[in-house]
Amino acid sequence: MASNHRRTYAYKQWVKQVMATCEPVCIRCRMPVDMALPRNSKWGASADHEPPLALTGELLPSMDGAGIAHLDCNRRHGANLAKKLHAKPSTRSLGRARP
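Description of the structure in this document. Quick caveat, the model's predicted, so the values are computed rather than measured.

### Considering the overall build of the protein
- The number of helices and strands found in the protein is three helices and two strands.
- Shown N-terminal to C-terminal, the secondary structure of the protein runs as helices and strands in the order α-β-α-β-α.
- The buried share of the protein, taken over its 99 residues, is 27%.
- At a minimum sequence separation of 6, the contacts of the protein that also span at least 24 residues come to 68%.

### Some points on unusual backbone geometry
- Backbone torsion omega between Glu50 and Pro51 reads 5°, so that peptide bond is classified as cis.
- With respect to the helices and strands, Pro51 occurs in the loop between strand S1 (45-49) and helix H2 (53-56).
- At Arg30, a residue that is not glycine, the phi angle is positive and equals roughly 70°.
- Note on placement: Arg30 falls in the loop between helix H1 (9-21) and S1.
- Owing to a relative accessible area of 60%, Arg30 belongs among the exposed residues under this scheme.

### Section: the pairing of S1
- For S1, a buried count of five out of five residues is recorded, marking the element as mostly surrounded by other parts of the structure.
- What you see with S1 is no split at all: Ala45, Ala47 and His49 on one side and Ser46 and Asp48 on the other are buried throughout.
- With five bridges connecting them, S1 and strand S2 (residues 66-70) associate as antiparallel partners. Looking at the pairing, Asp48 lines up with Gly67 of S2.

### Quick look at the pattern of salt bridges
- Counted under the stated rule, the structure contains three salt bridges.
- The shortest N-O distance in the salt bridge between Arg28 and Glu50 comes to 2.6 Å. Within this pair, whereas Arg28 is found in the loop between H1 and S1, its partner Glu50 is found in the loop between S1 and H2, the two being separated by 22 residues in sequence.
- Note on Glu50: relative accessible area 38%, which makes it partly exposed.
- A salt bridge links Arg76 to Asp72; the shortest N-O distance between them is 2.7 Å. You can see Arg76 and its partner Asp72 sitting in helix H3 (residues 71-85), four residues apart, about one turn around the helix.
- Residue class for Arg76 comes out exposed when judged on its relative accessible area of 52%.

### What to know about the packing of aromatic side chains
- For the structure shown, the criterion picks out one aromatic pair.
- Ring centres 5.4 Å apart and planes at 40° place the aromatic pair Tyr11 and Trp14 in the tilted group. Pair noted here: Tyr11 and Trp14 are both in helix H1, with a separation of three residues, about one helical turn. You'll find Tyr11 and Trp14 in the same group, each marked buried.

Cut-off values and rules
Residues numbered from 1 in each chain as written. Predicted model: local features only at pLDDT ≥ 70, side-chain atom pairs only at ≥ 80, totals over all residues. Heavy atoms only, no water. Helix = DSSP H or I, 4+ residues; strand = E, 2+ residues; numbered from the N terminus. Buried < 20%, exposed > 50% of the residue type's maximum accessible area, 1.4 Å probe, protein only. Contact = heavy atoms within 4.5 Å. Pairing = 2+ DSSP bridges. Salt bridge = Lys/Arg side-chain N within 4 Å of Asp/Glu carboxyl O. Phe/Tyr/Trp six-rings, centres within 6.5 Å; stacked < 30°, edge-to-face > 60°.

Listed below in structure tokens is the structure:
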């Protein structure tokens with residue numbers, strides 16, 4: 001079974017640093033994030049990173065590109081990214097039709 005890097009002490013410390021230092025505005029929808037809401041609430045705060053870890057392969061992101069996102073916005077972005085990463089290439093020709 002693969003380990004989940006998001007359960008490591010280092011990652012949890014990164015999340016705490018993001019929550020303590022980043023502006024409470026969602027980096028996905030640009031709306032304010034209510035930091036008083038529980039973190040598991042749809043509109044609660046979650047630590048996010050741009051570019052996404054799925055693209056960079058980093059296990060622990062830097063604070064550059066770190067920000068706060070609504071949990072729902074973060075999940076939606078991740079789901080859309082997963083769809084794009086796992087999409088099958090199109091079999092349609094993008095060029096002109098052959099004579």
